[in-house]
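What the coordinates show
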Amino acid sequence: MAETKRKTNRAPAKRNKKGKDNKWNKGPHLPNSLKKELDSLNPRDISDEEMQSDDDIDVYEYEEKVPDEELKKNRSIGLMDDEDVASDDEDGEDEGKKGASDEDDEDGDEDDGGDDDDDEKHARMLQDITGLPGDAFDGKKKKNNDVVFEAYPESEYNPSRDVLDGDGRITIDDLLNPLHGKSGFSKIRKDVQRIDKKSKSVLPPLPKPQQEKIDRKSTYVYSKKKLTEYEPLVKKNREAPTIFFDEDIDVGYSTVGAIASEFRPRTEFEKKMDLLINAKELSDAHKSDGARLLELNKVSAEDVKERQDRLAKMRSLLFRHELKSKRVKHIKSKTYRRLLKKDKSKAGSIDTEMDPEAAKELAEKQEFKRAEERMTLKHKNTSKWAKRIKKRGFDVQDDGTRAAISEQLQQHALLTRKRNSMHDGETSSDDSMDDDDEDISGDEDDASKLKLLEKGKKRTLEVLEEDDDVPKSGLLSLPFMVRGQKKKKEAADEEARLALEEFDSSLKQLEGDDDVKNKNIGSLGGRKVFGAQKKQVSQSKIKVNNKDNYFDNSDSEDDGDITEDVKDKHDRINTQKDVTIDTNILREESEVGHDPLFKVSFDDISKDSGPKIEYDVSLVHTNTSKKKRDNKKHSNRVESGKKAKVMKPEVVEPAAKVMKSKVAEPASNKDVDIEHGDDDSDTDGEIRMVDGVITSGTDYELPSQDDLIKRAFAGDEVEDDFEKAKQEVLNEEIPEPEKPVLLPGWGQWTRIQKKRGLPSWMLAEHERAKKKRDEELKKRPDSHLKHVIISQKLDKKAEKLQTKVLPYPFKSKEHFEQSNRMPLGPEFNPATTIGLLNRPEVVKKPGVSIKPIKLKK
Amino acid sequence: MRVKVISRSADEFTRERSNDLQRVSRNYDPNLRTQEKAVEYVRALNAAKLDKVFARPFIGAMDGHIDAISCMAKNPSHLKGVFSGSMDGDIRLWDIASRKTVCQYPGHQGAVRGLTVSTDGRILVSCGSDCTVRLWRVPLASGIESDDSSDSSDKSLASYVWKNAFLAVDHQWEGNLFATAGAQVDIWDHNRSQPVNSFKWGNDTVISVRFNPGEPNIFATSGSDRTIAVYDLRSSSPAIKVEMRTKTNSIAWNPMEPMNFTAANENCNCYSYDARNLKEAKCVHKDHVSAVMDIDYSPTGREFVTGSYDRTVRIFQYNGGHSREIYHTKRMQRVFCVKFSCDASYVISGSDDTNLRLWKAKASEQLGVILPRERKKHEYMEAVKNRYKHLPEVKRILRHRHLPKPIYKASALRRTMTDSEKRKEDRRRAHSAPGSMPKTSVRKNRIVQEIE
């Protein structure tokens, strides 16, 4: 028994070395003779030494002389141990091979006791699998097989050295053994065996870096998968025209009720109220049928009585007061009323002194009274009574009446004075107004106005007379400044003169009807002002005209020019009237005839005259300016004859078409005429008249159709015109090179220059330029097209409305244009679509933090 | 005789209040308005000009630190709160609305290199070169107005000393974890004094770390070995790494597109990657003339802001190759950190000159309450501008930016350099056997390899 134990104990010791060594456990149990036989049968390259050592051990083992049967039994257990160990050690080691070998072992153990065969097979198999020589597996066998004798017999009280070292591990078999023979042992054993069989083989661990790499790979695959889950959501967000980040925000309370429910009493009063309102009894009563509310409503009898008394007292007081006021109201005594009023006013005056509110009221009342006085003139002896007294005469009256009347007048004076004094207070800044005129009457008013007017007149006169002196030096003496000043002064003078006139007229009016009442003067003043305004308007018109003149004549032309222009104009009018008269004669005549008149009229203008003449001037002015324009145009045309026609080659002037005689005339003349026709209908009419005279002179015969057409298009050189126009365009776009010009005396003496002519390089350059131009002309797309002009000129204004390249996200031109087709503005779209069209890409609210994306499941 | 008249019901055209708008009825027949395009073009032009007129992006500077600002963090739960850490170990909480320091967190011995706030806004995590990770309590939003810079004991929650200096920290979105970067990447829990996990891949220092806000278990780091690495917390192992030719200083994930992130590179460019395919960048964002130091995405995911060593802050579209906006002031020095505010309407930059600067994200945006009509008008102007932005005149006005002279010159120089490089390569290609020098795209040629 002890021996068997030792065997079992030895097995774990070996196990500890290395998994592979376990397979060689069975070695010692082979009888030598058998082994030799086996070796001879299937020779291996296990070294003899190894074998020898094995033999040694075997020999030693054999010395024990363990019966075969027992050995077998033990061995099977030992093997079981090995398997267990193998399965224990699985983790983290090279499992595949070992597992396989273990299974093999098991099989061997199961079926029979042919151990030797088994061992051999096992060895071979190992060799096959690993490809290593057999001795590789024997390596540490020697060491493992050391057996140390125990000093004491082994028992649970004397644990073996292995156990003491802590190396010994308890296997399942160790645990199972004691159960041997008990009920259920075989079942457990079978289970254990089955589990062992089923246990899968595990690969040996890879080297660490490799292992980590694999881990990372799997991790990456996993996280990639996780990240890909977001893809549809992200894609949706990216493709959405707008993403919203202002959704589901808790802004706070939305209703009054919600706010009220959150109310917490803070102050003493609020707390008290809260205590009363939310008293438990009350709320309970409310919750139940409410009958108890009446009970809670109970008031003490004393309280009720007190309240009733108070109410009764108040009521009686009110009643008495009512009675009293009724009685007072019925009193008719005037004295009483007067006294009452006095009392009241006294109280009022005290009041006014006391508080500003009352004072304000009083002032208002006074104001009202004054207004009433002004309206009714109650105290101005207008009453029936006063009139009668007036009629009868003051002297006849008794003292009382006189006193009454004087009092009344005084009252009136008082009221009006009050107003005046107030008025003065308001316009105290006006120095012309005098405060000292105590007597207030319409006449006085007139007088003051007179004075005022006179003063104004004087002032204006002063202004008119002064500052005729022009500064001799400095900035103001510069010619244009002087001119400007002059202009300004003229304007000012004009104004002053007007004002003067106004003053005069008003003065006259004032003097004319002196005894007009206040009211009348007021109204008259209004009318007067209106008249003055009218005049001012006309005046301003004149001024404007003057200005215009000024600007037109800015090229150092004086006012005298205008008169000349006027003359010209008259000349022309005359020519229009009768064509046969020689213009020169007419000019002289008109000069003689109209000059004085116009001079006079112009003087009148400068001296301020009626609107009619002014109108005349303006007319003259516009005409003259037109004339000037004509002149300018004429000169322009002389310079660049055909330019005007180039613009529109196909449009032929109607006048030119019709009139043959005109066509025959030289080009410049014709142009002028046409221009005249455009500008001035009068002159056009003249031409026609001339034509009419000519046609009417000949015998009239109805021409044939062909003839008519021929005649109609006789002078029509459309093709020529077009060619000319094209040439014009070409010249403009690709200008002809300038001809070489010889500067006399430049670079050489003139005589030498004359002799030699132009230097050759100049000519060469000119030639080159010409050639270049020809080439460019040939390159033009319209070079071979006779009837077409294709302008190569770029429109710079249109250029800025176009992109040079297709913008980035767009794939085609059509796509881009399509995207821009619909306007966005509120003028072009109804309000329902405007928001959609203009919505920005990201809608967010400032002050609301945005949370990162979350996957919705 | 019948007379045709326009009949309108009085009810429809009567205003309820005197300040109501008059109802306008329009005929939308396009034949009546033939000049619509011209009209809108002019409006676009005017809008573009007005944009320039109203472009006043700088709101104010926040002064208070006494050393360069190295890092910032925004409070995800409180819009006004921004934290900044400086090189002298000072951490401050700023109230952006009043642009004042609310409180300070003294404690760090060396430079503060990383700051981050938990998603609930309660805990501030800081780390620095003094090898400590510190957790601080953030004052509540209600009490943020009161300035109590007194004792730090009630603010400091914990302080963990670790083996190496830290360079960056970032907090997971809606989680308990945060990651620090230094010699390795450590994952910490709020309640543990030691990292719950740590990742080491290669021997080089990790410079920056950023969690993916959309997918909170994934984060990316950049290292001094010029790599960008993606990690997954669920499998406790790194996922992938890509090596570039130059170092990446910072990374930002797109909060609306969890698969995409943008890396701020040392070579003046930013590279947008799809984390699922790191073989080539999705987009290269060029414009800076010096190393890009920090990057942060707008919460809308449509644009991001970068701060550069060239003293400018730029705003890019998430898919745009060039910047939409450049911000600079005379006094702003090297920008070390930038943040987009949580409502996507402000940008905050922290720079070497010890100041934080607050900018508008849209330079010409009108701040304050905007009435509906006003908003509609703005929207219309924006739409018109957007439509006609390709036309030369409008484009010119919209693109025009004033640049500081050094940056203008540097960009010109860079342009000439790239041009000459390209010329050289073209010539080489022309003189070598056809097919022997394949063209590599800009999106690829800065990537050395993808490491699995």
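Residues numbered from 1 in each chain as written. Chains lettered and ligands numbered in written order. Predicted model: local features only at pLDDT ≥ 70, side-chain atom pairs only at ≥ 80, totals over all residues. Heavy atoms only, no water.

**What about the overall build of chain A?**
Scanning chain A from terminus to terminus reveals 41 helices and two strands. Across chain A, the fraction of contacts at a sequence separation of at least 24, relative to all contacts at a separation of at least 6, is 65%. (Helix = DSSP H or I, 4+ residues; strand = E, 2+ residues; numbered from the N terminus. Contact = heavy atoms within 4.5 Å.)

**Observations regarding the confidence of the model for chain A**
Residue and element names in this part refer to chain A. Across chain A, the average pLDDT comes to 66, with 53% of residues at 70 or higher. Overall, residues 513–569 carries pLDDT values under 50, and its contacts beyond four positions in sequence, including any with other chains, amount to 51 contacts. Considering only residues more than four positions removed or in separate chains, one finds that residues 571–698, a stretch of pLDDT under 50, has 85 contacts. (pLDDT = per-residue confidence, 0-100.)

**A short note on a positive patch on the surface**
Residue and element names in this part refer to chain A. On the surface, a cluster of positive charge is contributed by Arg-337, Lys-341, Lys-344, Lys-365 and Lys-369. Sorting the residues of the positive patch by element identifies helix H20 (334–354) and helix H21 (356–376) as the ones contributing at least two each. Per-element accounting of the positive patch gives the leading share, three residues, to H20. Take Lys-341: it is sitting in helix H20. (Patch = residues over 30% accessible without salt bridge, like charges linked within 9 Å, V, L, I, M, F, W, Y side chains within 5 Å. Areas by Shrake-Rupley, 256 points an atom, 1.4 Å probe, with all protein chains shown as cover. Salt bridge = Lys/Arg side-chain N within 4 Å of Asp/Glu carboxyl O. Lys, Arg positive; Asp, Glu negative; His and termini not counted. Charge placed at Lys NZ, Arg CZ, Asp CG, Glu CD.)

**What to know about the nonpolar core**
One recurring pattern in soluble globular proteins is that nonpolar side chains are buried together. Grouped together as the largest cluster of nonpolar side chains are 31 residues, with contacts concentrated most on B:Ile228, B:Val230, B:Trp253, B:Phe261, B:Tyr273 and B:Leu278. Among the elements of the structure, helix H13 (208–228) and helix H14 (231–239) of chain A together with strand S15 (218–223), strand S16 (227–232), strand S17 (237–244), strand S18 (248–253), strand S19 (260–265) and strand S20 (270–274) of chain B are those that each provide at least two residues to this core. If one sorts the elements of this core by residue count, S17(B) sits on top with four residues. (Core = buried A, V, L, I, M, F, W, Y, C linked by side-chain atoms within 4.5 Å. Buried < 20%, exposed > 50% of the residue type's maximum accessible area, 1.4 Å probe, protein only.)

**Comments concerning the interface of chain B and chain A**
In this assembly, 55 residues from chain B lie in contact with 55 residues from chain A. Across the interface of chain B and chain A, roughly 5000 Å² is buried in total on both sides, 61% from carbon and sulfur atoms. When residues of chain B are sorted by the area they lose upon contact with chain A, B:Arg276, B:Arg302 and B:Arg387 head the list and together hold 14% of the total. At the boundary of chain B with chain A, the tally comes to six salt bridges. Where A:Lys217 meets B:Glu452, a salt bridge forms, and the shortest distance between an N and an O atom there is 3.7 Å. Viewed at the interface, chain A and chain B are joined by 20 residue pairs in polar contact (both at pLDDT 80 or more). Of all the secondary structure elements, the ones that give two or more residues to the side of chain B that touches chain A are helix H2 (36–54), S17 and helix H3 (372–387) of chain B. (Buried area = accessible area lost by both parts, 1.4 Å probe. Polar contact = N/O pair within 3.5 Å; in protein donor to acceptor, adjacent residues only side chain to side chain.)

**Notes on the pattern of salt bridges**
When charged atoms on two side chains of opposite charge get close, those side chains can pair. Residue and element names in this part refer to chain A. Summed over the entire model, instances satisfying the criterion amount to 39 salt bridges over all chains. Between Glu-367 and Arg-370 there is a salt bridge; the shortest N-O distance is 2.6 Å. In this pair, Glu-367 and Arg-370 both sit in helix H21, three residues apart, roughly one turn of the helix. The class for Glu-367 is partly exposed, based on a relative accessible area of 36%. The exposure class of Arg-370 is buried, given its relative accessible area of 8%.

**A few points about the side chain of B:Thr221**
Relative to the elements of secondary structure, B:Thr221 occurs in strand S15. Relative accessible area serves as the criterion here: at 3%, B:Thr221 is assigned to the buried category.

**Observations regarding the packing of H2(B) against helix H4 (residues 392–399) of chain B**
Two packed helices can be described by the angle between their axes and the distance between those axes. All names here are of chain B. Where H2 meets H4, the closest approach of the two axes is 9 Å, and the angle between their N-to-C directions is 10°. When the interaxial angle is binned, H2 and H4 end up roughly parallel. Considering the relative orientation of H2 and H4, their crossing is left-handed. Taken together, the residues of H4 that come into contact with H2 (itself represented by Tyr-41, Leu-45, Ala-48, Lys-49, Asp-51 and Lys-52) are Glu-393, Val-394, Ile-397 and Leu-398. When grouped by side-chain class, the residues that make up the contact of H2 with H4 number six nonpolar, no polar and four charged. (Axes fitted to C-alpha atoms, helices over the stretch in contact; angles between N-to-C directions. Parallel < 35°, antiparallel > 145°, perpendicular 65-115°, else oblique. Left-handed = near helix turned anticlockwise from the far one by under 90°. Nonpolar A, V, L, I, M, F, W, Y, C, P; charged D, E, K, R; others polar.)

**Some details on the sheet that holds strand S9 (residues 156–161) of chain B**
All names here are of chain B. Spatially, the four strands line up as an open sheet ordered S6-S7-S8-S9, and their pairing is antiparallel. Sheet topology places strand S6 (112–117) and S9 at the edges, where each strand pairs with a single neighbour. Strand-to-strand, the axes of this sheet are offset by a mean angle of 15°, without reference to chain direction. The pairing of strand S8 (residues 132–137) with S9 spans five bridges and is classified as antiparallel. Following the sheet pairing, Trp-136 is matched in S9 by Ser-156. (Pairing = 2+ DSSP bridges.)

**Comments concerning the pairing of strand S11 (residues 177–181) of chain B**
Residue and element names in this part refer to chain B. By the criterion of burial, S11 is predominantly enclosed, with five of the five residues buried. Burial along S11 is two-sided: Leu-177, Ala-179 and Ala-181 facing one way and Phe-178 and Thr-180 facing the other are all buried. In the sheet, strand S10 (residues 168–171) pairs with S11 via four bridges, with the strands oriented antiparallel. Across the sheet, Ala-168 pairs through a bridge with Ala-181, a residue of S11. The hairpin turn running from S10 into S11, its antiparallel successor, is five residues long, and Glu-174 in that turn takes a positive phi close to 55°. Across five bridges, S11 lies against strand S12 (residues 185–189) in antiparallel orientation.

**A short note on the side chain of B:Asn254**
All names here are of chain B. Mapped onto the elements, Asn-254 comes out in the loop between S18 and S19. A relative accessible area of 1% means that Asn-254 is categorised as buried. For Asn-254, the residues in contact, after removing those within four places along its chain, are Asn-260, Phe-261, Tyr-297, Gly-301 and Tyr-318.

**Some remarks on a nonpolar patch on the surface**
On the surface, a cluster of nonpolar side chains totalling about 440 Å² of accessible area is made up of A:Phe269, A:Met273, A:Leu276 and A:Ile277. By the element assignment, A:Met273 lies in helix H16 (residues 268–277).

**Thoughts on H2(B)**
All names here are of chain B. Helix length check: H2 (19 residues) gives 26 Å between terminal C-alpha atoms against 27 Å at 1.5 Å per residue, within 8%. Residues of H2 that are buried include every one of Glu-36, Glu-40, Tyr-41, Ala-44, Leu-45, Ala-47 and Ala-48, and no others. Tucked inside the fold, the buried residues of H2 contact H3 and H4. (Expected span 1.5 Å × (residues − 1).)

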